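# Architecture at a glance
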Amino acid sequence: MTAYKDLGKDTRDLLNQNFLSSNTVTLSGSYKSEYGLTYKETIKRSLKKDSKTKSSIPFVEAFVEPKYEAHPIEVSTKISTTAEIGGSFIYKDFITKGCKIEINTTKSDKDGVIAKLDASFKRDTHSGSLVCSYPLPSKKTLPPIKVVSDFVFGHNHTLWGVSAIAEIEATTTSIKTEAQYATIFKDSQLTGKVGYSVKDGSLNWVFGYLHKLSSSLSWGLNYENDSSKGPSVLVAFENKLDHHSTLKIRSILKNDGTGSTDWRLGLSFKQKTGPYLAYVVSSDLNLRQFIDVTSTTGETHSFGFDLKLE
């Protein structure tokens, strides 16, 4: 049974995967030994906005992620040059088959130290999870305690899911509820989601559609309407040119938060050059700035490159 977070994943992957932005350049490599040890290292360069000057500045990050797996146990950690450190312990098939327990701890300059407990289960016709994130005393201002629970049940080609998210602070508690729907056929998928925030009364709903026209050509659509931001539409096409090359194109229309409409065009090309090497080149273009170079609607053009050695 599909987990709640994976409902509509195929559609989201077609619409978003391998579309890089913020002038990001990523170099990564991974190694897996026969003894269950996986070692991954990544160097990433991107542009980030300075909170004070609002200008974009180069940002370079490097991190390593060693992981050891020997069923039913998995242990991993992450160490970054940005002083972000994390570690996790996973026990699969806990008590009975399909149940999993994960304990995770992360430390960052932004949120301090956060401990997370994730308990989940999967059966043939239903699945569910309960996640609790608890900030440990490490900063003067702590993020809220966050509790997320969800449940998915299905029949034939249809899946239904519900979720509740609670953020608990010293004086207030905010609650958000969601419901998802997915119908999966051989060559198409139809998904929908409705979310409501009790705190501010905002309503969000999403409609998604994926259709495989052939073994090599697919297209997808996503329409989202948020009462606090406005609507957005995303359409994408994917063409698998051969076993090693994939070309994707997408167009986005969305409200930029100021009453103007941001119109963007994304292009992505993925090439596997050998059994161990693959790269992705992509662009995120602001079409309004092609029409009017003085336009300030949306972010400016950006590009991305990703090189993976496995």
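Structure's up top.
Reference entry: report on the structure contained in this document. None of the values given here were measured: they were computed from a predicted structure. (Residues numbered from 1 in each chain as written. Predicted model: local features only at pLDDT ≥ 70, side-chain atom pairs only at ≥ 80, totals over all residues. Heavy atoms only, no water.)

The number of helices and strands found in the chain is two helices and 19 strands. By the compact-globule yardstick of 19 Å for 310 residues, the chain fits well, its C-alpha radius of gyration being 21 Å. The dimensions of the chain, computed from C-alpha atoms along their principal axes, are 60 × 50 × 50 Å. Out of the 310 residues belonging to the chain, those deemed buried represent 30%. Put simply, of all contacts in the chain between residues at least 6 apart along the chain, 31% involve residues at least 24 apart. Accessible surface, the chain as shown: approximately 19000 Å² in total, 59% of it carbon and sulfur. One finds the centroid of the 39 positive side-chain charges in the chain at a distance of 1 Å from the centroid of its 34 negative side-chain charges. (Helix = DSSP H or I, 4+ residues; strand = E, 2+ residues; numbered from the N terminus. Rg over C-alpha atoms; globule rule 2.2 N^0.38 Å. Buried < 20%, exposed > 50% of the residue type's maximum accessible area, 1.4 Å probe, protein only. Contact = heavy atoms within 4.5 Å. Areas by Shrake-Rupley, 256 points an atom, 1.4 Å probe, with all protein chains shown as cover. Lys, Arg positive; Asp, Glu negative; His and termini not counted. Charge placed at Lys NZ, Arg CZ, Asp CG, Glu CD.)

Before going further, it helps to examine the pairing of strand β5 (residues 85–92). Within a regular strand, side chains alternate between the sheet's two faces. Looking at chain direction, strand β4 (residues 73–80) and β5 are connected through seven bridges and run antiparallel. Across the sheet, Ser76 pairs through a bridge with Ser88, a residue of β5. Counted between consecutive antiparallel strands, the loop separating β4 from β5 contains four residues, among which Ala83 sits at a positive phi close to 70°. Direction of pairing for β5 relative to strand β6 (residues 99–108): antiparallel, over a ladder of eight bridges. Bridge pairing in β6 places Ile85 opposite Lys107. Where β5 folds back onto β6 in an antiparallel hairpin, the turn is made up of six residues, including Asp93, whose phi is positive at roughly 55°. (Pairing = 2+ DSSP bridges.)

For the structure shown, the criterion picks out seven aromatic pairs. Measuring from centroid to centroid gives 5.7 Å for Tyr91 and Phe94, while their planes differ by 85°, and the two rings are edge-to-face. Taking relative accessible area as the criterion, Tyr91 reaches 31% and is therefore assigned partly exposed. Plain terms: the ring middles of Trp205 and Tyr223 are 5.3 Å apart, the flat faces sit at 50° to each other, and that makes the pair tilted. Placement of the pair is Trp205 in strand β13 (residues 203–212) and Tyr223 in strand β14 (residues 217–226), with a sequence separation of 18 residues. The class of Tyr223 is partly exposed, set by a relative accessible area of 25%. Among the aromatic residues, ring-to-ring pairing joins Tyr209, Trp219 and Phe237 into one connected group. A cation over an aromatic ring shows up here: Lys78 above the ring of Phe63, its NZ or CZ 4.5 Å from the ring centre. The ring of Phe19 is capped by Arg250, whose NZ or CZ atom sits 4.3 Å from the centre of that ring. (Phe/Tyr/Trp six-rings, centres within 6.5 Å; stacked < 30°, edge-to-face > 60°. Lys NZ or Arg CZ within 6 Å of the ring centre and 35° of its normal.)

Turning our eyes to something else, we now look at unusual backbone geometry. A cis amide bond links His71 with the next residue in sequence, Pro72, at an omega value of 15°. Within the element layout of this structure, Pro72 appears in the loop between β3 (56–70) and β4. Even without a glycine there, the phi angle at Asp93 is positive, about 55°. Its place among the elements puts Asp93 in the loop between β5 and β6.

Further remarks concern the state of the cysteines. Inspection of the entire model under this criterion finds zero disulfides. Not part of a disulfide, Cys99 finds its nearest cysteine sulfur in Cys132, a span of 19 Å. (Disulfide = S-S within 2.5 Å.)

The next thing to look at is the nonpolar core. One finds Leu14, Leu15, Leu210, Leu234, Ala236 and Ile252 forming the largest nonpolar core, which totals six residues. Core analysis: the next-biggest nonpolar cluster, separate from the first, contains five residues, Tyr4, Leu7, Leu159 and Ala182 among them. (Core = buried A, V, L, I, M, F, W, Y, C linked by side-chain atoms within 4.5 Å.)

Take the pattern of salt bridges next. Oppositely charged side chains may form a pair once their charged atoms are brought near each other. A complete count under the given rule lists six salt bridges for this structure. One salt bridge connects Lys92 with Glu69, and the closest N-O pair in it is separated by 3.0 Å. Here Lys92 is found in strand β5, whereas its partner Glu69 is found in strand β3, with 23 residues between them in sequence. One salt-bridge network, held together by shared partners, links Glu69, Glu74 and Lys92. (Salt bridge = Lys/Arg side-chain N within 4 Å of Asp/Glu carboxyl O.)

What follows covers a nonpolar patch on the surface. Together, Leu37, Tyr68, Ile73, Val75, Phe89, Tyr91, Phe94, Ile95, Ile103 and Leu117 give the surface a local cluster of nonpolar side chains, amounting to about 900 Å² of exposed area. Counting only elements with at least two residues in the nonpolar patch, the list comes to β4 and β5. When you line up the elements, Tyr91 lands in strand β5. (Patch = residues over 30% accessible without salt bridge, like charges linked within 9 Å, V, L, I, M, F, W, Y side chains within 5 Å.)

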